[in-house]
Amino acid sequence: MSAREIGSVLDGKYEIVERLAAGGMGEVFRVRHVHLHEMRVIKILRQDRAADPSAIQRFSQEARIATQIKHANVAILYDFSRLPDGSFYMVWEHIQGEDVSSWLREKGPFPLQLAVELGIQGLRGLEAIHSAGVIHRDLSPDNLMITRDLKGRHQVKIIDLGLAKNLATPASNLEITQAGMFMGKLMYCSPEQAGGLKEGTAIDHRSDLYSFGAVLYEMIAGLPPFDSENQHGFVFKRLTEEALPLTTRNPRVRVPEELDRAVRKALERDRDSRYPDAVAFLQALVRVADQLRQVATQELPVPAEAGGGQRGATSRASSAPVPLAAAAGPVVTAPVRRQSTTDLTREERLELLAQIDRAANSARLLERAEHALAAGKLDEAKALAKRLEAVNAKNQGLADLRRRIAEIDQGAQRGAREREMAERLAAIDAALADGRVDEADDLLGAAVGAFGELPGLVAARERLTVAREASERQERLREAEALVEKYIKDRKQALAELALDTLLEIAPDHPKRQDYQTWVRMIGGEVEKLKQAERILATGREQIGAGDFRAARRQLEAIEKSDPSGELAGLLAREIEEAEARVRQESDLARRRERMESLLAARQLEAAEQELGELAGLGLPRVAAATYRARLDEIRLQQAGEQQATALEERFREALGRQDWFAAREIVEEYARTVPVSQRPGAMLSEIGRLEDLQRRRQGVEQGARQLDNLLDSRRLGEAELTLKVLLGLDPHLPRRAEFEARIAQLRRGG
């Protein structure tokens, strides 16, 4: 059976259940751990790629990065090893569910609250990745899996760290077209990944926030943040335009403005305008989630308890004395008694007097509250109403008093709200008049949060929308103009034409249209003149690469005649000089490196240290210098380890001689820490186990022999025979075997 067939077992523990995918790097299978009976996903590097150092480095880097990250919203790496045929493999958590791409394709947009909750979870996972000093660089709907936790709740997990990068290691700027790295995922790459960074500036974690925001946008709206007919359009628009508003992206999906602001902040073209980290993005989504939960709670019907008030009144009437009728209180019928007040007991008379006093006090409080209300003393009326409720909650005038207080209170609040509303609208209009659109947006959001969707605020939103569209159009126009002029200045005709088309889409009657078109045509004429010089330059570079410097200098003479600007000729001259210098330096370095290898082989560490300094002065690459330094350190460690290992071996033998197994094992642990590459600790542990087992067997035999002596002395024949049998099982060469057998035989004969 092939090592890749369904049912075969990899590395003695992973049974292949299903082949999930295959690509240029390797294959992915769903497997079952034969010992744990649990599903896993295994990714295997192709055998023919196992000899490619770059492929191994990338595969191993994915595993090393994954081991640094332990989070519920990031896929877990369980194992990493190598198969007998040379193929590397890694074992990942099996996630039962579907990716975001499949969900969108089959079900459409996510429910709003679910999308926000999954966004919060995903950002928690992304924060764990960033906290480990790593950027993912490949966040897309395909790399976000939706599953369910043990309680059946939806859960998101980030997968595929194949393009992740540790920020602690240096790297060159990433180009979109390098090895097709982002082909097919241009919809989710950040402007930085699309070439929107200055030369020498590195991509950081904010690129992941942009990609995650693009995925979350699509989860909510079911559509990407930009409209374009091709991938190049998507790239160009994220460099020149803002993301389309979520609130109007899909008419079938109603999106709150707070959520629109939260997501589009992550999609800012300028990364300094985005969230500073995943935690800030997460906090913005948490605020939106709280608002969504409040809205959902407010919309739930609250059923009244059936008969609850009546049951409460009945309960109180059955357990408390019934008050007499009072001028300011409700009319209540007293319990039927066939006697006059002179027939009442002392306690009943006292209770009647107390009820009469409470009724009179209620009337006075009600009258004072009425006067306070008439005099406009609202706070005093409220305080008197509370006292009246405490004295007699059933007073007939209390309900009317409360109603009138509430009406006056509401009128005052309504007036205050109307004044505040007018002030806020004036502030919004003032900000719009000054062109402060973002400030007006913030003021409008705060006003809607305070007052709701009132007509005045709806009209203000329409004015804001018009102002924002005008502002955004002007911003896009300025950026498109800057790009056109930049590409014309850089003599990049194709990009200049593309930028000019975009500019004319925004402003067909642009005043500089004719000038721009003329300049773009002029670039074409200059390009033709430079093509001949560029062909000569390419030939000269080929000859430099082949080491034929004499032929390259002949090309230099030719290019000086074809390049009136002299820029290409100067470039070729510098490259020839640099190449000749490199050849001389490499020759000297090669000779020095041969000497370095000889010194390392002979373990002449002092001389090797001096030679390494000489090599560094000659421009030895940092990687090679680090390698030599590591080898020097390794040899020193080996020498030190050998000395320490000898001392540890002596202590180990002494511990074995004392039969101090605990001390012996501690020495083995120290040996493993001291000489981590040695296989010796395993043999030492085996020897301890063997001697310890031998000691236990010997002790067991001695104890059994004593027990057998006692049994024979007690003439317990059956137990003695059984004990002897057990002893012979432990030690077939039992020294006293003949003696014991003779004594047992004598007992059998009745001696």
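## Some details on the overall build of the protein
When helices and strands are tallied, the protein shows 24 helices and 11 strands. Here the contacts in the protein between residues at least 6 apart in sequence split such that 58% fall between residues at least 24 apart.

## Details of helix α23 (residues 717–730)
Between its first and last C-alpha, α23 extends 20 Å over 14 residues, near the 20 Å set by a 1.5 Å rise per residue. Of the positions making up α23, those classed as buried are Ala-720, Thr-723, Leu-724, Leu-727 and Leu-728. End-on, the buried residues of α23 take up no more than an arc of 140°, which puts them together on one face. Of the exposed residues in α23, the ones pointing more than 90 degrees away from its buried face are Leu-722, Lys-725 and Gly-729. Among the structural elements, α22 (680–713) and α24 (737–748) are those in contact with the buried residues of α23.

## Notes on the sheet that holds strand β9 (residues 144–148)
Reading across from one edge, β7-β9-β10 is the order of the three strands in this open sheet, with antiparallel pairing throughout. Strands at the two margins of the open sheet, each flanked by one partner only, are β7 (98–99) and β10 (154–158). Pairing geometry for β7 and β9, over two bridges, is antiparallel. Its bridge partner being in β9, Glu-98 is matched across the sheet by Ile-146.

## Considerations on the packing of aromatic side chains
One pass over the structure, following the stated rule, counts seven aromatic pairs. On the numbers, 6.1 Å between centres and 20° between planes, the contact of Phe-80 with Phe-88 is stacked. A residue is classified by how much of its surface remains accessible, and Phe-80, at 31% relative accessible area, is partly exposed. Connected via pairs of aromatic rings, a cluster forms that spans Phe-59, Phe-80 and Phe-88. Lying across the ring of Tyr-275, Lys-265 places its NZ or CZ 5.6 Å from the centre.

## Here we look at the packing of helix α4 (residues 206–221) against helix α7 (residues 257–266)
Where α4 contacts α7, the two axes come as close as 7 Å, and the packing angle between them is 145°. For the pair α4 and α7, contact is made by Leu-209, Tyr-210, Gly-213, Leu-216, Tyr-217 and Ile-220 and by Leu-259, Val-263 and Ala-266, respectively. Here the residues of the contact of α4 with α7 sort into eight nonpolar, one polar and no charged.

## Here's the deal with the side chain of Asp-260
By secondary structure assignment, the location of Asp-260 is in helix α7. If we skip the residues at most four places from it in the chain, Asp-260 touches Pro-245, Leu-246, Thr-247 and Val-255.

## Regarding the pattern of salt bridges
Using the criterion set out here, one finds 58 salt bridges in the structure. When salt bridges that share partners are traced, they join Glu-257, Glu-258, Arg-261, Asp-441 and Arg-461 into one network.

## Description of the pairing of strand β2 (residues 14–22)
Alignment of strand β1 (residues 9–10) against β2, held across two bridges, turns out to be antiparallel. Opposite Val-9, over in β2, you have Glu-15 as the bridge partner. Connecting β1 to the antiparallel partner β2 that follows it, the hairpin turn spans three residues, and Asp-11 within it adopts a positive phi of roughly 55°. The sheet contact formed by β2 and strand β3 (residues 26–33) spans seven bridges and is antiparallel.

## Some words on a nonpolar patch on the surface
On the surface, Leu-722, Val-726 and Leu-730 cluster together to form a nonpolar patch covering roughly 260 Å² of accessible area. Within the element layout of this structure, Val-726 appears in helix α23.

## A short note on the sheet that holds strand β5 (residues 77–82)
Spatial strand order, β1-β2-β3-β4-β6-β5: six strands in an open sheet with antiparallel pairing. Two strands bound the open sheet, and with one partner strand each, they are β1 and β5. When β5 meets strand β6 (residues 88–93), the two strands line up antiparallel, connected through five bridges. The residue of β6 that forms the bridge with Arg-82 is Phe-88. Most of the contacts of helix α1 (residues 53–67) go to β6, to which it runs at about 30°, and overall it touches β4 (38–45), β5 and β6.

The rules we used
- Residues numbered from 1 in each chain as written.
- Predicted model: local features only at pLDDT ≥ 70, side-chain atom pairs only at ≥ 80, totals over all residues.
- Heavy atoms only, no water.
- Helix = DSSP H or I, 4+ residues; strand = E, 2+ residues; numbered from the N terminus.
- Contact = heavy atoms within 4.5 Å.
- Expected span 1.5 Å × (residues − 1).
- Buried < 20%, exposed > 50% of the residue type's maximum accessible area, 1.4 Å probe, protein only.
- Arc of directions from axis to C-beta.
- Pairing = 2+ DSSP bridges.
- Phe/Tyr/Trp six-rings, centres within 6.5 Å; stacked < 30°, edge-to-face > 60°.
- Lys NZ or Arg CZ within 6 Å of the ring centre and 35° of its normal.
- Axes fitted to C-alpha atoms, helices over the stretch in contact; angles between N-to-C directions.
- Nonpolar A, V, L, I, M, F, W, Y, C, P; charged D, E, K, R; others polar.
- Salt bridge = Lys/Arg side-chain N within 4 Å of Asp/Glu carboxyl O.
- Patch = residues over 30% accessible without salt bridge, like charges linked within 9 Å, V, L, I, M, F, W, Y side chains within 5 Å.
- Areas by Shrake-Rupley, 256 points an atom, 1.4 Å probe, with all protein chains shown as cover.

That's the geometry; what it means functionally is another story.
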